[in-house]
Amino acid sequence: MSTSEFAFDAIDDLDAGAARLVATLSALDGAGLRAPSALPGWSRAHVATHIARNADSLCNLLEWARTGTEIPQYPSVEQRNADIEAGVRRGRDEIVEDVRASAARFTGLARALPVDARDARVRAMAGFEHPAWYLILRRWHEVEAHHVDLAAGYGPADWPDRYVGWALRSTLADMAVLPAERLPGLAGHRIVVTDLGEEAVLGEATGAEASGTARALLGWLSGRSDGAGVAARGALPEPPPWPHAPAGFR
């Protein structure tokens, strides 16, 4: 199965992840939704609103691919931030429904994307270009990682195995081509994935090594865990901001 075929095959996984996310949000009362998230300065309502607006922004890119008319992911960073702050002021039920409905809009548009538009190039807000099919995988990251960021009982241990396998391999491939200055403490590390029998070297090998299961490594490299379950020679370095621009589309 090609990576593009895998992306469309993963839409059902994405829907299941969104359903778990909505279930977590639905179990919170108004005060719980206003409580701090794991992201500095953001409440759970901020995280939820960001997840919804992210879905809409990726819908913009699906429309760009479908029509051939350029539509930016967000009008501007300032507008993105303003929309999140405005959304936080809504009631609990409205926020939860927004997350549910926006997630459904995205996967509905992804399923309906014409075959001849799947390889159309679109541009992420971060500036890199990629084919439209990669939007599904970008969204998968958003749903699973930000579900953890809610700090409401869902963690890396709850990530589906299929997501962990893809996301860890993708993360290592993307990190392996980063210049050393983008890998501060991780430059030269060999990353050993004990349960997959795989490894990657980040830059020029120095003898430094970190090892663990795919799940433990992904939690650490994505900044969603403190590195529990990861063994290292010496202190475990802090990984760079995640996710990274995909190696094949820079």
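Relevant structure appears above.
First, a word on scope: everything that follows refers to the structure included in this document. For every chain, the first residue of the written sequence is number 1, and numbering continues from 1 along that sequence. Since the coordinates come from a predicted model, pLDDT governs what is reported: local features require at least 70, and pairs of side-chain atoms require 80 or more to be given and counted, while whole-chain, interface and lining totals use all residues. Note: side-chain values were computed over all heavy atoms of the structure, leaving out hydrogens and water.

1. So, the packing of helix 2 (residues 11-26) against helix 6 (residues 92-112)
Packing of helix 2 against helix 6 brings their axes to within 10 Å, and their N-to-C directions diverge by 180°. One finds that helix 2 runs roughly antiparallel with respect to helix 6. Taken together, the residues of helix 6 that come into contact with helix 2 (itself represented by Ile-11, Asp-12, Leu-14, Asp-15, Ala-18, Leu-21, Val-22, Leu-25 and Ser-26) are Arg-92, Val-96, Val-99, Arg-100, Ala-103, Phe-106, Thr-107, Ala-110 and Arg-111. As a rule, the C-alpha atoms of each element are fitted with a line to give its axis, helices using only the stretch in contact, and angles between N-to-C directions run from 0 to 180 degrees. Secondary structure is summarised from DSSP: a helix means a run of H or I of at least four residues, a strand means a run of E of at least two, and numbering begins at the N terminus for each. Should an angle fall under 35 degrees it is called roughly parallel, over 145 degrees roughly antiparallel, and 65 to 115 degrees roughly perpendicular, with every other angle called oblique. Any two residues having at least one pair of non-hydrogen atoms within 4.5 Å are treated as being in contact.

2. What about the pairing of strand 4 (residues 198-201)?
Only when DSSP finds a minimum of two bridges between them are two strands counted as paired. Sheet topology note: the strand 3 (residues 190-193)/strand 4 ladder contains four bridges and is antiparallel. Within strand 4, the residue paired with Arg-190 across the bridge is Val-201. As consecutive antiparallel partners, strand 3 and strand 4 are separated by four residues, and within that stretch Gly-197 has a phi angle of approximately 65°, a positive value.

3. Overview of the nonpolar core
Core analysis: the largest hydrophobic core is formed by 70 residues, its most contacted members being Leu-25 and Phe-106. A per-element tally of this core places helix 4 (residues 44-67) first, with twelve residues. Those residues in contact with Leu-25, other than ones at most four positions away along the chain, are Leu-33, Ala-48, Arg-92, Val-96, Val-99 and Leu-150. Definition of nonpolar core: a set of buried residues of the types Ala, Val, Leu, Ile, Met, Phe, Trp, Tyr and Cys, connected through side-chain atoms within 4.5 Å. Note on exposure labels: buried denotes an accessible area under 20% of the residue type's maximum, exposed denotes more than 50%, and partly exposed covers the range between, all computed with a 1.4 Å probe on protein chains only.

Without other data, these values stay purely geometric and don't point to any function.
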